[in-house]
Structures are given as structure tokens and as C-alpha cells.
Amino acid sequence: MNHLESKFGQFGGMYVPELLIPALDQLEQAFIDAQNDPEFQKEFMDLLTDYAGRPTAMTLTRNLVSNPTVKLYLKREDLLHGGAHKTNQVLGQALLTKRMGKTEVIAETGAGQHGVATALACALLGLKARIYMGAKDIERQAPNVFRMRLMGAEVIPVNAGSGTLKDAVNEAMRDWSATYDKAHYLLGTAAGPHPFPTIVREFHRMIGEETRAQIMAKEGRLPDAVVACVGGGSNAIGMFADFIDEPSVKLIGVEPAGKGLHTAEHGAAINKGTKGILHGAYSYIMQDDDGQIEESYSVSAGLDYPAVGPQHAYLHDIGRATYAAVSDDEALYAFQLLSRKEGIIPALESSHALAHALNMADEAEDGTIIVVNLSGRGDKDLAHVHSILGDQINE
Amino acid sequence: MSNKNDRYGDMFTRLTAKNEGAFVPFVMLGDPDIATSLEILKALAEGGADALELGIPFSDPIADGPTIQQASIRALSHHIHPRDCLKVIQQFREIYPDMPIGLLLYSNLVMKPGLEKFYNDAANAGVDSILIADVPLREADRFIEMAAQTGIKQILIAPPNASDETLAEIGQKSQGYTYLLGRAGVTGAETAATIPAHELIAKLTQYKVAPPLLGFGISKPEQVKEAISAGAAGAISGSATVNIIETNLSQPEVMLSKLREFVSVMKQATKK
């Protein structure tokens with residue numbers, strides 16, 4: 001039996017081989033104990049503060065919005081150690097790994113951001129990390145592969161399937177089913193089987209909590225909307241969690257529309273997908289008429305995933321959150337605009353959220369306050385964006 | 001239509017009378033293509049298989065090692081649909097009306113058409129049992145219910161790390177047979193099964209689970225013999241069977257005769 005709710009309405013669950021159930025139960029129990037253990041909480045908070053750099057700043061943009069009464073704030077997860085929000089939950093799960101007496105960590109990575117976060121946490125806490133990465137992604141993300149290796153992680157290429165994130169998850173789960181006695185599977189997003197979506201949300205919820213405190217201090221009221229990009233959905237659920245019970249705050253997720261929602265090349269599981277099971281959870285997924293999983297696509301590797309976390313599927317179905325979609329071109333434009341107007345180079349993932357927030361700001365009523373979760377910085381994307389734009393930068 | 005047969009029950013009765021265990025080979029339907037697939041099933045039966053365990057290819061088989069992953073990829077490269085797989089079973093069923101046939105597949109292939117349609121189509125094709133690799137007991141109730149409605153046996157997995165609570169639940173809910181995992185990990189002949197101690201099998205008997213067939217890492221007749229003397233009702237061999245297909249893709253006649261030979265040797269080892 002589960003001690004925490006394993007489903008969000010009809011979504012979520014534990015669709016994994018029976019063999020993995022004891023390991024997931026052990027993880028759930030360790031998480032419950034840790035949440036009630038002041039010592040664990042203190043160690044986690046200390047790491048977040050002294051090592052990772054929390055709380056992160058919240059920045060009011062100066063030059064992006066034409067209506068002077070509309071305020072667009074950026075929650076600066078790009079300033080976190082590691083360059084993205086991912087460090088939060090990785091530190092939490094790495095501490096859980098130690099708490100369970102395990103010495104090894106398995107992880108999957110697409111663009112390499114979760115792999116880098118895992119590698120740094122394992123280096124810090126003395127855990128042995130092996131990270132599965134699609135062979136194609138290893139080629140595309142060479143600097144992150146080097147970062148992981150520098151920090152002592154083993155990077156294992158996955159040639160199966162399309163050689164991208166989905167296949168890396170498959171391989172990580174296969175590894176775990178043979179090694180759960182000594183290894184923890186440190187899943188990188190708010191997807192997968194229970195209890196991962198809940199753990200990842202709780203280890204990212206300080207994003208929304210800090211946002212609430214910061215906006216109350218600056219504006220004396222809650223924002224009208226919070227906006228975040230959604231691949232698997234970890235930064236978005238971290239931003240949303242503290243506002244779900246505040247009906248005045250619109251929750252807006254932004255999916256990758258890739259080359260357009262009318263094409264097959266996108267990663268918009270909620271907007272264009274259908275219900276099904278991938279990687280242990282029932283959610284919206286991209287699949288064909290038989291139920292075979294389709295390849296997703298996005299210019300941003302971190303959003304290139306053919307499913308979405310089950311809580312997002314639920315928030316969509318009950319109408320509590322809305323999910324927009326932004327194309328490669330719109331994201332690339334926002335990427336350049338933030339660099340040019342505010343001196344901040346955002347991750348391509350976060351550029352999706354920003355692009356949508358800019359459209360909202362243009363049409364917003366006077367006095368509207370919007371917060372965008374700037375989930376990561378764009379250093380990792382420079383070579384990729386350079387190769388797309390050449391030297392034709394929008395000025 | 002509902003499957004009113006109890007082919008597994010009949011098989012175990014017949015084998016017990018002969019003092020034999022069951023040998024059950026696994027192959028992926030549609031591997032390497034639909035036409036050869038039917039010939040492969042016939043070869044397995046001619047070799048002496050007591051029952052067949054058959055996969056439907058899936059794009060993301062998380063419980064399978066490289067051999068069975070490759071079998072899925074070969075089948076999917078020919079754009080095999082689940083309905084094509086059921087057609088092969090239907091054709092085979094006409095030739096072998098009494099042999100138990102089980103499906104082993106992943107949940108999304110069942111979810112997409114919907115449980116009711118999938119189980120009914122399977123029953124109509126002559127399927128006796130369904131095992132869903134990524135549906136653990138905790139998610140199994142609605143599948144078990146649909147199985148009951150359509151006369152199909154829902155096969156449950158007993159892993160080596162199962163708690164007493166899990167084994168007791170399997171005891172209450174299992175039908176047909178119980179898939180006893182020979183070891184942790186994914187499918188594959190590379191890592192041999194650890195034949196479970198008499199203790200685990202004794203526990204299975206104590207909880208009255210459906211007859212246990214040992215699978216995962218079974219590739220040699222000695223393992224079959226050992227499994228049966230440890231108290232298993234038989235053994236399932238997947239990757240070793242699929243290996244024979246993979247290594248003889250260019251010579252189908254040789255492939256079929258090697259499959260017959262392999263099954264015959266493995267079957268021989270079930271005789272006590």
C-alpha cells in the first residue's frame with residue numbers, strides 16, 4: 001500500500017514491473033521520514049543556501065514591456081549553482097540516497113542539465129554517479145558531457161531507439177531493475193512512477209514559495225499569473241505548487257510547439273497528445289493509433305520529451321492550469337530579446353515561457369503583474385543558437 | 001466473445017499425469033515479419049512446446065534487455081500492428097486448438113484501444129492469458145476484472161524480492177500460471193537465472209499461487225531441469241529462443257529447424 005496518494009485524479013500511478021515496487025516503496029518511506037526529520041530539512045536547507053545560492057533573486061524587467069503599468073518579473077533560477085533549477089531537487093534526492101544507505105546513483109539526461117546537476121550533487125556527497133545519455137545527445141551536448149566527467153560521473157551512451165532522452169530513461173530504468181539494492185534512480189523531472197512526481201514537486205516548491213514572499217514584499221499582493229515552460233514539468237510544478245490554492249493566480253505552462261503544432265515536430269504532449277502510459281505514469285503522451293510512443297521534437301533539448309508529468313495532466317483536466325505552446329522561432333526571438341534588452345541570456349527552455357509571457361504582457365490590462373520562471377541560463381545553448389542564427393542577430 | 005477454455009489447467013493436469021514440467025518458449029510476434037512469424041510458432045509447437053508466450057512489439061520496452069528490444073525493433077520496422085499480431089495467433093489457433101497461448105506486452109498497447117476492446121479482441125483471437133510487464137499488482141485490479149469478463153487469465157509476476165504481503169495477494173488473484181522471476185534485472189540470456197530456493201517455491205505453494213513457471217535468464221536444459229526439481233511447474237525461455245531467430249535471419253529454414261531442435265532439447269529436460 002502507498003502512504004502518499006499515488007495518483008492525481010486518474011493520472012500518475014506506478015506502471016512499472018513488479019520488481020521495482022519494493023524500491024519505489026522504500027523511496028516513498030524515506031521521503032516521508034525525511035520530510036518529518038528536522039535534521040534532514042536543515043541539511044537540505046543549508047545546502048540550498050550555502051552551496052546552491054538560494055534564495056534566488058526576483059528581477060523586475062526594465063525594458064521588455066511597453067505598457068509601463070504592466071510588470072513582468074523574472075524568478076532567477078538561472079542564477080542557481082549548476083545554471084538551472086534542477087540543482088534543488090537533485091540535492092534533495094541525493095540526500096535521500098544517503099538516507100537509504102545507497103551508494104550509487106543512476107540518472108538519465110537529455111541536454112545534460114540534469115546530468116550535470118546529478119554529477120555535482122554526487123561529487124559533493126560522495127556518491128557514485130552513472131548517467132545515461134542518448135548517443136545523439138552526447139554529440140549535440142559535448143560541453144555538458146565534459147562537465148559531468150570532470151565532476152566524476154560516468155556517462156553511458158544509449159544507442160537504442162532514437163538515442164535521445166526517452167531512450168535514456170528506458171535504459172536507466174533497466175539498470176535500476178538490476179541494481180536497486182545499492183543504487184537510487186535519481187529521476188530528473190516531475191514525471192515517472194509515484195513517488196517521483198510528488199518528491200520532485202516538493203523538492204522544487206521553494207521556487208513558488210520564494211516567489212510569493214518576494215512579490216508580497218515588492219508589490220504587497222500576489223501576482224496575476226505565473227508562467228513556466230513544461231517539458232516533463234519540474235520547474236513549472238515547483239513554481240505552481242504554492243499557488244495552486246490561490247485561485248486569483250493564473251498558472252500557465254508553456255509547451256514546445258517546435259516547428260508548429262500543425263506539424264509532427266513538436267513536444268506538446270498536453271496540447272496535442274492523448275492519454276496513455278509512458279515511463280511508469282498515466283498522463284498525456286505523444287503516441288500513434290496503436291499506442292507506440294512517437295518521437296518528440298524541440299529546438300530546446302530540455303523540453304524534447306513525448307510525455308508530461310501527471311500532475312500537469314491533472315491541472316489541465318480540472319482547468320486549474322492552462323497550457324500554451326510556443327514555437328522554436330518564437331523562443332529563439334525571446335532568447336535574443338532578453339539578452340539584448342535586459343542583459344540576461346536565458347536557457348532555450350525558459351525562453352519558451354518568456355515568449356508567452358511577453359505576449360500576455362502586451363495584451364494585459366493596466367496594473368497586471370506576471371512572474372516568469374527563468375528556469376535556467378543560456379550558456380549551454382550558445383553554440384546551438386549560434387549555429388542556427390549564424391551572425392544574423394536580431395537587433 | 002469470452003474464452004471458456006481452461007487450456008492451462010488442462011495442460012498442467014496432463015503434464016502432472018505424465019510426471020513432466022512445462023516448457024514455454026517466448027517469441028515476439030511479427031519478428032522478423034508476419035509471414036515468418038506464423039512459421040516460427042508452428043516450429044515451436046512441432047518441437048514440443050507445451051504452451052507459447054508471445055510478445056507484441058512496443059517502442060519502449062523497459063523490462064527487456066537487448067535481445068528482445070532488437071526483436072521489437074525488427075518487427076516495428078515492418079510496421080507491424082497489434083491487430084496483425086492477433087491475426088497470426090488466430091491462424092495458429094486453428095491449427096493448434098488446445099495449446100495455451102499467452103500474450104506478454106506493455107500497458108500502453110492495452111490502454112490505447114481501451115481494455116474492453118483489447119481483451120475482447122485477444123479472446124476472439126484465441127488468447128488464453130495476458131501478462132502486462134509494467135502493470136504491478138497495485139495497478140492490476142481493473143485488468144484482472146476485464147480478464148475475468150472475457151475469460152482470459154491475468155498472469156501475475158512473482159519477483160524474487162516479493163514480500164509475503166505481495167505473495168499472499170498473488171495467491172488470491174493469480175490464474176492460469178504465475179510468472180516466477182528467476183532474478184532481478186531485465187530479460188536476457190546473458191545473465192543466468194538464479195534458481196530460487198525451495199523456500200520461495202514452498203512459500204508460493206503455501207499462498208496457493210497458480211502454478212509457477214520460472215522465467216528470465218533461462219537458456220539451457222540444465223536450468224529447466226533444476227527449476228523443475230526445485231518445485232517450479234515449468235520454465236519459460238525468451239531471449240535464448242529469440243537469439244536463434246536473430247542469428248539466422250538470412251536463412252529461415254535453418255532458423256526453423258534450429259528452433260524445433262532447441263525446444264525439443266529444452267522440453268526433454270522437463271521430464272522428471
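This section reports on the structure supplied with the text. Because the structure is predicted, anything quoted here is derived from the model rather than measured. (Residues numbered from 1 in each chain as written. Chains lettered and ligands numbered in written order. Predicted model: local features only at pLDDT ≥ 70, side-chain atom pairs only at ≥ 80, totals over all residues. Heavy atoms only, no water.)

### Concerning the overall build of chain B
Looking only at helices and strands, one finds 12 helices and nine strands in chain B. For a compact globule of 272 residues, the expected C-alpha radius of gyration is about 19 Å, and chain B comes in at 17 Å, within 12% of that figure. Seen through its principal axes, chain B has C-alpha atoms that stretch 45 × 40 × 35 Å. Summarising the internal contacts of chain B: among those between residues at least 6 apart in sequence, 75% fall at separations of at least 24. Carbon together with sulfur atoms contributes 52% to the accessible area of chain B, which is approximately 10100 Å² in total. (Helix = DSSP H or I, 4+ residues; strand = E, 2+ residues; numbered from the N terminus. Rg over C-alpha atoms; globule rule 2.2 N^0.38 Å. Contact = heavy atoms within 4.5 Å. Areas by Shrake-Rupley, 256 points an atom, 1.4 Å probe, with all protein chains shown as cover.)

### Notes on the packing of helix α13 (residues 328-342) of chain A against helix α15 (residues 382-389) of chain A
All names here are of chain A. For the pair α13 and α15, the least separation of the axes is 12 Å and the interaxial angle reads 110°. Our classification of the angle between α13 and α15 gives roughly perpendicular. Crossing of α13 against α15: the hand is left-handed. Counting all contacts with α13, which are made through L332, F335 and Q336, the residues of α15 involved are L382, V385, I388 and L389. The residue makeup of the contact of α13 with α15, split by class, is six nonpolar, one polar and no charged. (Axes fitted to C-alpha atoms, helices over the stretch in contact; angles between N-to-C directions. Parallel < 35°, antiparallel > 145°, perpendicular 65-115°, else oblique. Left-handed = near helix turned anticlockwise from the far one by under 90°. Nonpolar A, V, L, I, M, F, W, Y, C, P; charged D, E, K, R; others polar.)

### Some thoughts on the interface of chain A and chain B
Contacts between the two partners involve 36 residues from chain A and, on the opposite side, 38 residues from chain B. Approximately 2900 Å² of surface area, both sides summed, lies buried where chain A meets chain B, with 50% of it carried by carbon and sulfur atoms. Where chain A meets chain B, there are three salt bridges. A salt bridge links D60 of chain B to K166 of chain A, with the nearest nitrogen and oxygen atoms 2.8 Å apart. (Buried area = accessible area lost by both parts, 1.4 Å probe. Salt bridge = Lys/Arg side-chain N within 4 Å of Asp/Glu carboxyl O.)

### Topic: the nonpolar core
Inside soluble globular proteins, nonpolar side chains tend to come together where they are buried. Ranked by size, the top nonpolar core spans 198 residues in total, and within it L103, Y119, I130 and Y179 of chain B carry the most contacts. If you tally residues by element for this core, the top one is helix α1 (residues 21-35) of chain A, at seven residues. Beyond its immediate sequence surroundings of up to four residues, Y119 of chain B is in contact with V110, I130, I132, F143, M146, A147, T150, I152 and Q154 of chain B. Core analysis: the next-biggest nonpolar cluster, separate from the first, contains 28 residues, L64, V70, L72 and I344 of chain A among them. (Core = buried A, V, L, I, M, F, W, Y, C linked by side-chain atoms within 4.5 Å. Buried < 20%, exposed > 50% of the residue type's maximum accessible area, 1.4 Å probe, protein only.)

### Quick word on the sheet that holds strand β9 (residues 225-229) of chain A
Residue and element names in this part refer to chain A. Read across the open sheet, the six strands follow the order β3-β4-β14-β9-β10-β13; overall the sheet is mixed. In this open sheet, the two edge strands, each paired with only one partner strand, are β3 (58-60) and β13 (321-327). Taking each pair of neighbouring strands and ignoring which way they run, the sheet shows an average axis angle of 25°. Relative to strand β14 (residues 369-374), β9 runs parallel, the two being bridged by three bridges. In the strand pairing of β14, V227 is matched with V372. Across the sheet, helix α9 (residues 206-219) is in contact with β3, β4 (71-76) and β14; its angle to β4 comes to roughly 140°. (Pairing = 2+ DSSP bridges.)

### Observations concerning the layout of surface pockets
In this structure, the largest pocket occupies an estimated 430 Å³ of space. In terms of lining, the largest pocket is formed by 24 residues, of which the most central are Q292 and I293 of chain A together with F58, S59 and L76 of chain B. Of all elements in the fold, only α7 (165-179) of chain A together with α3 (66-77) of chain B reach the threshold of two or more residues within the lining of the largest pocket. If you tally residues by element for the lining of the largest pocket, the top one is α3 of chain B, at five residues. (1 Å grid on protein atoms, 1.4 Å probe; cavity = no way out; pocket = protein on both sides within 12 Å on 5 of 7 lines; lining within 4 Å. Points joined across faces, edges and corners; volume = space filled by probe spheres on them.)

### Points about the pairing of β14 of chain A
All names here are of chain A. The buried count for β14 comes to six of six residues, which makes it a mostly enclosed element. The alternating pattern of β14 places I369, V371 and N373 on one face and I370, V372 and L374 on the opposite face, and all of these are buried. Sheet analysis places β4 next to β14, joined by six bridges and oriented parallel. The partner of L72 across the bridge, within β14, is I370.

### Some remarks on the pattern of salt bridges
Counted according to the given criterion, the structure contains 39 salt bridges over all chains. For E210 of chain A, the salt bridge identified is with K75 of chain A, shortest N-O distance 2.7 Å. Placement of the pair is E210 of chain A in helix α9 and K75 of chain A in strand β4, with a sequence separation of 135 residues. Just as E210 of chain A is buried, K75 of chain A falls in that class too. The partner of K267 of chain B in a salt bridge is D50 of chain B, and the shortest N-O contact between them spans 2.8 Å. With K267 of chain B in helix α12 (residues 252-268) and D50 of chain B in the loop between α2 (34-47) and β2 (52-55), this pair connects stretches of sequence that are 217 residues apart. Of the two residues, K267 of chain B and D50 of chain B, both sit in the buried class. Because the salt bridges share partners, they merge into one network encompassing R201, E202, R205, E209, R212, D242 and E246 of chain A.

### Points about the environment of N5 of chain B
Looking at the secondary structure, you find N5 of chain B in the segment before α1 (7-18). The spatial distance from the C-alpha of N5 of chain B to the C-alpha of D128 of chain B is 7.9 Å, given a sequence separation of 123 residues.

### Quick word on the packing of helix α3 (residues 87-99) of chain A against helix α4 (residues 113-125) of chain A
Residue and element names in this part refer to chain A. For the pair α3 and α4, interaxial distance at closest approach is 9 Å and the crossing angle is 45°. Here α3 is positioned oblique relative to α4, judged by the angle of their axes. As for how α3 packs across α4, the hand of that crossing is right-handed. Each of T87, Q89, V90, L91, A94, L95 and K98 in α3 lies in contact with α4, whose residues at this interface are H114, A117, T118, L120, A121, L124 and L125. Split into classes, the residues belonging to the contact of α3 with α4 amount to nine nonpolar, four polar and one charged.

### Examining helix α6 (residues 142-150) of chain A
Residue and element names in this part refer to chain A. N144, V145 and M148 are the residues of α6 that are buried. Projected down its long axis, α6 shows its buried positions confined to an angular sector of 105°, all on one face. Away from the buried face of α6 by more than 90 degrees, exposed residues P143, F146 and L150 are located. Buried-residue contacts for α6 involve β5 (104-109), α4, β6 (128-134), α5 (135-140) and β7 (154-158). (Arc of directions from axis to C-beta.)

### Describing the environment of A313 of chain A
Relative to the helices and strands, A313 of chain A is located in helix α12 (residues 310-317). Separated by 38 residues in the primary sequence, A313 of chain A and K275 of chain A have C-alpha atoms spaced 8.9 Å apart.

### Regarding the side chain of D175 of chain A
Mapping D175 of chain A onto the fold places it in helix α7. Apart from residues lying up to four places away in sequence, D175 of chain A is in contact with I106, R130 and Y132 of chain A.

### Structural notes on the packing of aromatic side chains
Scanning all chains against the criterion turns up 15 aromatic pairs over all chains. Above the face of the Y297 of chain A ring, K259 of chain A is positioned so that its terminal group lies 5.0 Å from the ring centre. (Phe/Tyr/Trp six-rings, centres within 6.5 Å; stacked < 30°, edge-to-face > 60°. Lys NZ or Arg CZ within 6 Å of the ring centre and 35° of its normal.)

These values are about where atoms sit, not about what they do.
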